[in-house]
Amino acid sequence: MEFFTSLHNILIIKKPSDKCQIFKDFYASYLSGDVVFEHTQVSFPLKEPSYLGHCKLVSPSLVLKRKKLSGDRGKAIFLHAIAHIEYCAIDMAIDSAYRFKNLPKAYYDDWLSVANDEVRHFEMLEGLLEKVDSFYGDLPVHNALFEALERTQTLHERMAVVPRYLEANGLDVTPVMIAKFENYADDEKASDIIKVLEVILEEECDHVYKGDVWFKYACDKKGLSYDSYFDVIEQYYPGSFPRKKDLNIQARQAAGFSCSELKRMNNDIDCD
């Protein structure tokens, strides 16, 4: 089984259940040493989101907003939004392993491990959607995350934008989500959602840490300062920093962010 060819074939799979299963089979083969890195390493990037045809694509402003989380409909809207993020994250992790060539094997180990986590997260969320009589594809989605994948064509930019910005934002938001569902302590479905969110939070911290390692690797290779992170984020997401919203300082520091970085993001925080 060839590494890059296999990943390309997985990336273009349209049906989520097929993509997840075929990736899991590939990853098992990779871990057992049955995958080889071929010499021909041509990249054929995704031309369109792999979820087209499965999900209705709309402008971000038209994506349904959750209101009350106490009922199944509110839970379904919330879970569908998170499932879409996690499904996009599968392609992002696979594409990070596929697109960037001639890197240490540890790099490919890391991003296949991340993709495996994202598959598991997505499948857990699918299970929760079933409990509220919904499914992935039941509601319209946006393509903002695919645009991030499409635009970040260098390792330096990809590691800055995807794990160190987009996923790191999840470290800040997920505890807030958990706290909201804790208001429904007697709701079994809410308790199940909390358990899944706690798993995602813990594992996403590791994903951001892996992104931090390879962002710094890319900076060192290019002779760039680690502060170039802010230049990249300003290019793609102008005005992101400084911001007023709270940062998950503990999780971000565990994921590799320095105190000086955190203070540039929010000058009101207190860290060591």
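Further up the page is the structure itself.
Below is a summary of the structure that appears in this document. On a predicted model such as this, the values are computed, not experimentally measured, just so you know.

Tallying secondary structure elements over the protein chain gives ten helices and zero strands in all. Ordered by position in the sequence, the α and β elements of the protein chain form the string α-α-α-α-α-α-α-α-α-α. Compactness check: the protein chain gives a C-alpha radius of gyration of 19 Å against a globular reference of 19 Å for 272 residues, within 12% of the reference. By the burial criterion, 52% of the 272 residues in the protein chain qualify as buried. Once local pairs closer than 6 in sequence are excluded, the contacts in the protein chain between residues at least 24 apart make up 76%. Positive and negative side-chain charges of the protein chain, numbering 33 and 44 respectively, have mean locations separated by a distance of 5 Å.

A separate point is helix H2 (residues 16–31). In a regular helix each residue adds 1.5 Å, so 16 residues correspond to 22 Å; H2 covers 22 Å between its end C-alpha atoms and thus fits that length. Taken residue by residue, H2 has Pro-16, Lys-19, Cys-20, Phe-23, Phe-26, Tyr-27, Ser-29 and Tyr-30 as its buried positions. On its buried side, H2 packs onto helix H1 (3–11), helix H3 (72–99) and helix H4 (105–131). Of the residues trailing H2, Gly-33 is marked for its positive phi of about 85 degrees.

A few words now on the environment of Glu-204. In this structure, Glu-204 sits in helix H7 (residues 188–222). Look at Glu-204 and you get buried, because its relative accessible area is 8%. Linking Glu-204 and Ile-249, residues 45 residues apart in sequence, is a C-alpha distance of 14 Å. Beyond its immediate sequence surroundings of up to four residues, Glu-204 is in contact with Glu-86, Glu-118, His-121, Glu-167 and Leu-171.

Its volume calculated, the largest pocket comes out at about 1,500 Å³. What lines the largest pocket is a set of 43 residues, and nearest its centre among them are Ile-85, Asn-169, Gly-170, Val-173 and Met-177. Sorting the residues of the lining of the largest pocket by element identifies H3, helix H5 (144–151), helix H6 (155–181) and H7 as the ones contributing at least two each. Top contributing element to the lining of the largest pocket by residue count: H6, with twelve residues. In terms of residue class, the lining of the largest pocket is made up of 25 nonpolar, seven polar and eleven charged.

Before going further, it helps to examine unusual backbone geometry. For the bond running from Phe-241 to Pro-242, omega is -5 degrees, close enough to zero to count as cis. Phi is positive for Asp-133, which is not a glycine, with a value near 60 degrees. Inspection of the secondary structure assignment puts Asp-133 in the loop between H4 and H5. For Asp-133, a relative accessible area of 70% translates into the label exposed.

Parameters and conventions
- Residues numbered from 1 in each chain as written.
- Predicted model: local features only at pLDDT ≥ 70, side-chain atom pairs only at ≥ 80, totals over all residues.
- Heavy atoms only, no water.
- Helix = DSSP H or I, 4+ residues; strand = E, 2+ residues; numbered from the N terminus.
- Rg over C-alpha atoms; globule rule 2.2 N^0.38 Å.
- Buried < 20%, exposed > 50% of the residue type's maximum accessible area, 1.4 Å probe, protein only.
- Contact = heavy atoms within 4.5 Å.
- Lys, Arg positive; Asp, Glu negative; His and termini not counted.
- Charge placed at Lys NZ, Arg CZ, Asp CG, Glu CD.
- Expected span 1.5 Å × (residues − 1).
- 1 Å grid on protein atoms, 1.4 Å probe; cavity = no way out; pocket = protein on both sides within 12 Å on 5 of 7 lines; lining within 4 Å.
- Points joined across faces, edges and corners; volume = space filled by probe spheres on them.
- Nonpolar A, V, L, I, M, F, W, Y, C, P; charged D, E, K, R; others polar.

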